[in-house]
Each structure stands twice: as structure tokens, then as C-alpha cells.
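Listed here are the chains, written in short residue letters.
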Amino acid sequence: LPLPFVEPTVPELFKKIKAGKFMVPRHVPRTAQHLLHRMLEVNSEKRITIPEIRVHPVFRKKLPRYLKQSPEEIENERKQHAIDEELVEEVVSLY
């Protein structure tokens, strides 16, 4: 499986990475190519963000349940199942 950046020397490799020049094999689906190009965008202002990656169709395909939840949903679920430390201390103090 070829890497996106392949050059015979390290300086040439870094030059290619810095310029954002890379090839994606033709067998890679267009939606995946799109995601790779957005992730490897040289300009950080234009580069795809983590929240945008999380909703990209390629990322969502065959995604395990725990990754389907947004960070906000995960935090809300954690809060719902969190132990009330004050309540625990109060109960312990009774015994």
C-alpha cells in the first residue's frame, strides 16, 4: 500500500509534504479521496476540523457505536451516570 508522500530522499519528501503534493490511488472512493485531501490541506485555515471529520460520510461508515456519539452526547451520558460524591460522603458519614 503506497503512502501519500513518497520520495527517494528526506529533503525531497519534506518538500512534497510542505507543498501538499500527493497522489491518492484511483481505487480509493471519491468521498475518501475528498476527506484525505481535506485532512492533508497545507493551509491550516482551510484544513478540515475534527468535528467536520466526525460527520464526514467516510468517517461515519461502519462506525462503532461509541464513535457515533458526539463529544457533547458522551459528556451528557457520563454526567447522567456519574456518582454524586457529596451524597456518597453523606451516606458514609451516617455509618
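S.K.: Looking at this structure, I do not really get a negative patch on the surface. What am I missing?
M.R.: Side chains of Asp84, Glu85, Glu86, Glu89 and Glu90 sit close together on the surface and give a patch of like negative charge. Secondary-structure assignment places aspartate 84 in the loop between helix H6 (71–80) and helix H7 (85–94).

S.K.: It is not clear to me how the pattern of salt bridges should be interpreted in this structure. Could you clarify?
M.R.: Think of it this way: side chains of opposite charge can pair up when their charged atoms draw near. Scanning the model with the defined rule gives 2 salt bridges in all. Notably, a salt bridge pairs lysine 16 with glutamate 7, separated by 2.9 Å at the nearest N-O pair. Overall, lysine 16 belongs to the partly exposed group, its relative accessible area being 22%. Between glutamate 52 and arginine 38 there is a salt bridge, and its shortest N-O distance comes to 3.5 Å. Placement of glutamate 52 in helix H3 (residues 50–55) and of arginine 38 in helix H2 (residues 30–39) is noted, with a sequence separation of 14 residues between them.

S.K.: I'm lost on the confidence of the model for the protein chain in this one. Help?
M.R.: Where the model shows low pLDDT, its predicted coordinates should not be examined in detail. When the pLDDT values of the protein chain are averaged, the result is 83; 97% of them are 70 or greater. Predicted confidence in the protein chain is weakest over helix H5 (residues 65–68), with a mean pLDDT of 72, and strongest over H2, with 92.

S.K.: In this structure, what is going on with the environment of valine 55? I would like to understand it.
M.R.: Counting through the fold element by element, valine 55 comes out in helix H3. Expressed as a C-alpha distance, the spacing of valine 55 and leucine 13, which sit 42 residues apart in the sequence, is 31 Å.

What counts as what
- Residues numbered from 1 in each chain as written.
- Predicted model: local features only at pLDDT ≥ 70, side-chain atom pairs only at ≥ 80, totals over all residues.
- Heavy atoms only, no water.
- Patch = residues over 30% accessible without salt bridge, like charges linked within 9 Å, V, L, I, M, F, W, Y side chains within 5 Å.
- Areas by Shrake-Rupley, 256 points an atom, 1.4 Å probe, with all protein chains shown as cover.
- Salt bridge = Lys/Arg side-chain N within 4 Å of Asp/Glu carboxyl O.
- Lys, Arg positive; Asp, Glu negative; His and termini not counted.
- Charge placed at Lys NZ, Arg CZ, Asp CG, Glu CD.
- Helix = DSSP H or I, 4+ residues; strand = E, 2+ residues; numbered from the N terminus.
- Buried < 20%, exposed > 50% of the residue type's maximum accessible area, 1.4 Å probe, protein only.
- pLDDT = per-residue confidence, 0-100.

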